[in-house]
Amino acid sequence: MSKIALYGGKRLINKKFDLGATYFKEEEKAVLSVIRSQTISGFVANNGPKFYGGKKVIELEEQFKNYFQTKYAVASNSATSSLHSALFAIGIQPGDEVIVPSVSMSASAAAILMCGGIPVFVDIKKGRCHDCSCEKKIELEKGCFNINTSLIEEKITAKTKAIIVVHLFGVSADMHSIQELASKHNLKIIEDCAQSPGTSYNNELVGTIGDIGVFSFNQSKTISAGEGGVAITNNYKYAIKLQLIRNHGEAMSESFPEAESNQMIGYNYRLTDLEAAVAVEQFKRLDKFNDRKIKLGNMLTKGLKKIEGLDTISIISGKENVIFIYPIIFNADKIKTSRKTFVKACNAEGVPMVEGYTKPLTRLKAFEQYIENKNEFIVADSLNDSELISLKICHHYNISRDDIELIIKAIKKVSFFFQSQ
């Protein structure tokens, strides 16, 4: 067994991977067109055509309506803004409780506080062994890393008004169970699809299943425009409220009595045509981006599946997972070293790998006052502390099949080294 680079051996991968967003000549041309038009933002805070934004903002919204087959799409300057606007649109008031998973980007819970609401955290789920003949290897099931629907109902009270569902890592949460609970308890559903544009759940696109779906154009996302977001819905009243909160609604709420928001204060959540122009061109490639990520993800799964101690996602068919992050469950007993050392060793070989994903929301000081029992988030804490390894390699357009083969080879080299000691 050859010595690993961490202990003085030869590094396997010498290239530096390009893990940034990829832009094309079409984006450049679109941005130049906006600049030459002399109108970078088409918004004006009055009741007229410019209330709805510039040409590129409107074009972007039309793209979303057509792709997701929804009646309304409202763009904003970030997905965080869209989440806040969505909670406002469904009527979240100070003191209202909103259920949210224990693991997500912080904005999923912060948006609740922005409305004066109370975040109620629910642990996530990991996976289960479906087949006893698989040598106890965990198969990461549907809904893995997303909210554990079996734990939601016990958190519902008379104050509960909504559930924020986060489709983390590119895979859908268990929307059937969530819909049943929402119907039973008269709750609204907001889908946070920042990491999962194009993901399907039972042949329905995520974002179209709940009351409002929210998407992101942040620099790191599949559709990258630097910043930006879109909320989609089939509810006219919600759409009007989303538009009012985006564009100084206090100045014109009387012009939209159907929104029933005469006392509202709006925000400046407006998206410029520069960002919208980039997002328009990026969105045209969404299916192409996702198809490519799935192929690379399946390569990783096939290449790593026989390594004892590394449990990977299943082979993807269709679009039930569009791979934002490729997660691996690490078993220190089987690999025979700690996760920290394993990741360091893979990094030394040239693999862009990190421990965990992001600190669970239930461990952030901003939310600690809303947590009664810190010990109930067993899966979130276990994944964060010792089990989860994240690879974002499949997400980037500049990564090739040859790169994936190198990464598989490097991970195997490190795994077999420790297992042979």
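Conventions and cut-offs
Residues numbered from 1 in each chain as written. Predicted model: local features only at pLDDT ≥ 70, side-chain atom pairs only at ≥ 80, totals over all residues. Heavy atoms only, no water. Pairing = 2+ DSSP bridges. Helix = DSSP H or I, 4+ residues; strand = E, 2+ residues; numbered from the N terminus. Axes fitted to C-alpha atoms, helices over the stretch in contact; angles between N-to-C directions. Contact = heavy atoms within 4.5 Å. Phe/Tyr/Trp six-rings, centres within 6.5 Å; stacked < 30°, edge-to-face > 60°. Lys NZ or Arg CZ within 6 Å of the ring centre and 35° of its normal. Salt bridge = Lys/Arg side-chain N within 4 Å of Asp/Glu carboxyl O. Buried < 20%, exposed > 50% of the residue type's maximum accessible area, 1.4 Å probe, protein only. Parallel < 35°, antiparallel > 145°, perpendicular 65-115°, else oblique. Left-handed = near helix turned anticlockwise from the far one by under 90°. Nonpolar A, V, L, I, M, F, W, Y, C, P; charged D, E, K, R; others polar. Patch = residues over 30% accessible without salt bridge, like charges linked within 9 Å, V, L, I, M, F, W, Y side chains within 5 Å. Areas by Shrake-Rupley, 256 points an atom, 1.4 Å probe, with all protein chains shown as cover. pLDDT = per-residue confidence, 0-100. Disulfide = S-S within 2.5 Å. Lys, Arg positive; Asp, Glu negative; His and termini not counted. Charge placed at Lys NZ, Arg CZ, Asp CG, Glu CD.

A. Looking closely at the sheet that holds strand S3 (residues 118-122). As summarised here, the arrangement of the seven strands in space is S1-S9-S8-S5-S4-S2-S3, forming an open sheet in which the pairing is mixed. The outermost strands of the open sheet, each flanked by one partner alone, are strand S1 (72-76) and S3. Pairs of neighbouring strands in the sheet enclose a mean axial angle of 20 degrees, with direction left out of account. In this structure, strand S2 (residues 97-101) lies alongside strand S4 (residues 160-166), joined through three bridges in parallel fashion. Residue pairing in the sheet places Val 98 in a bridge with Ala 162 of S4. In the packing of helix H5 (residues 175-185) onto the sheet, contacts are made with S4 and strand S5 (188-192), and the angle to S5 comes to roughly 150 degrees.

B. Structural view of the sheet that holds strand S10 (residues 310-311). Reading across the sheet, the four strands line up as S10-S11-S13-S12 and stay open at both edges, with antiparallel pairing between neighbours. Unpaired on one side and paired on the other, S10 and strand S12 (353-355) mark the two borders of the sheet. Both S12 and strand S13 (residues 388-391) contribute to a ladder of three bridges, which runs antiparallel. Note that in S13 the partner of Glu 355 across the bridge is Ile 389.

C. Main features of the packing of aromatic side chains. The full count for this structure, using the stated rule, is 19 aromatic pairs. One aromatic cluster in this structure is built from Phe 64, Tyr 67, Phe 68, Phe 215, Phe 217 and Phe 283. Here the basic side chain of Arg 292 rests over the ring of Tyr 397, its NZ or CZ set 4.9 Å away from the ring centre.

D. Quick peek at the pattern of salt bridges. All told, the structure shown has 18 salt bridges when counted by the stated rule. The partner of Lys 155 in a salt bridge is Glu 376, and the shortest N-O contact between them spans 3.1 Å. Highlighted residues: Lys 155 in the loop between S3 and S4 and Glu 376 in the loop between S12 and helix H11 (378-387), separated in sequence by 221 residues. With a relative accessible area of 16%, Lys 155 lands in the buried category. Residue class for Glu 376 comes out partly exposed when judged on its relative accessible area of 27%. In this structure, Asp 287 engages Lys 319 in a salt bridge whose closest nitrogen and oxygen atoms are separated by 3.9 Å. Taken together, the positions of Asp 287 in helix H8 (residues 286-304) and Lys 319 in the loop between S10 and strand S11 (326-330) put the pair 32 residues apart, joining distant regions of the chain.

E. Expanded view of unusual backbone geometry. A positive phi angle is found at Asn 186, which is not glycine, with a value near 55 degrees. Looking at the element boundaries, Asn 186 is found in the loop between H5 and S5. You can call Asn 186 exposed: its relative accessible area is 65%. The phi torsion at Asn 202 lies on the positive side, around 50 degrees, for a residue other than glycine. Position of Asn 202 among the secondary structure elements: in the loop between strand S6 (200-201) and strand S7 (204-205).

F. Seen up close, the packing of helix H10 (residues 339-348) against helix H12 (residues 401-419). Relative orientation of the contacting elements H10 and H12 amounts to 135 degrees, with a least axis distance of 9 Å. Judged by the angle between their axes, H10 and H12 are oblique. Viewed along their axes, H10 and H12 form a crossing whose handedness is right-handed. Residue-level contacts link Thr 341, Phe 342, Ala 345 and Cys 346 of H10 to Ile 411, Val 414, Ser 415 and Phe 418 of H12. Of the residues contributing to the contact of H10 with H12, the split by class is six nonpolar, two polar and no charged.

G. Geometry of helix H4 (residues 107-114). Along H4, the residues classified as buried are Ala 107, Ser 108, Ala 109, Ala 111 and Ile 112. Buried residues along H4 sit against helix H3 (79-89), S2, S3, S4 and S5. Just past H4, the residue Gly 116 takes up positive phi, approximately 85 degrees.

H. Highlighting a nonpolar patch on the surface. Together, Leu 32, Ile 35 and Ile 40 make up a nonpolar patch on the protein surface, roughly 220 Å² of accessible area in all. Examined against the element boundaries, Ile 35 turns out to sit in helix H1 (residues 25-36).

I. Fine view of the confidence of the model for the chain. On average, residues of the chain carry a pLDDT of 93, and 95% of them reach 70 or more. Across residues 128-138, confidence stays below pLDDT 50; counting only partners more than four residues off in sequence or on other chains, it has 18 contacts.

J. Quick peek at the state of the cysteines. Per the stated rule, a full pass over the model turns up zero disulfides. You can see Cys 346 has no disulfide; the closest cysteine sulfur is in Cys 394, sitting 15 Å from it.

K. Representation of the environment of Phe 416 within the structure. Turning to its location among the elements, Phe 416 is positioned in helix H12. Taking the C-alpha atoms as reference points, Phe 416 and Gly 54, 362 residues apart in sequence, are found 57 Å from one another.

L. Inspection of the packing of H3 against helix H6 (residues 236-246) at higher detail. Running from N to C, H3 and H6 point in directions that differ by 130 degrees, and their axes come no closer than 9 Å. Here H6 runs oblique to H3, going by the angle between their axes. The element H3 and its partner H6 pack so that their crossing is right-handed. Residues His 84, Ser 85, Ala 86, Phe 88 and Ala 89 of H3 pack against Tyr 238, Lys 241, Leu 242 and Ile 245 of H6. Residues belonging to the contact of H3 with H6 are distributed by class as follows: six nonpolar, two polar and one charged.

M. Examining a positive patch on the surface more closely. Side chains of Lys 295, Lys 302, Lys 305, Lys 306, Arg 401 and Lys 412 sit close together on the surface and give a patch of like positive charge. Of all the elements in the fold, those that place two or more residues in the positive patch are H8 and H12. Judged by its relative accessible area of 55%, Lys 302 is exposed.

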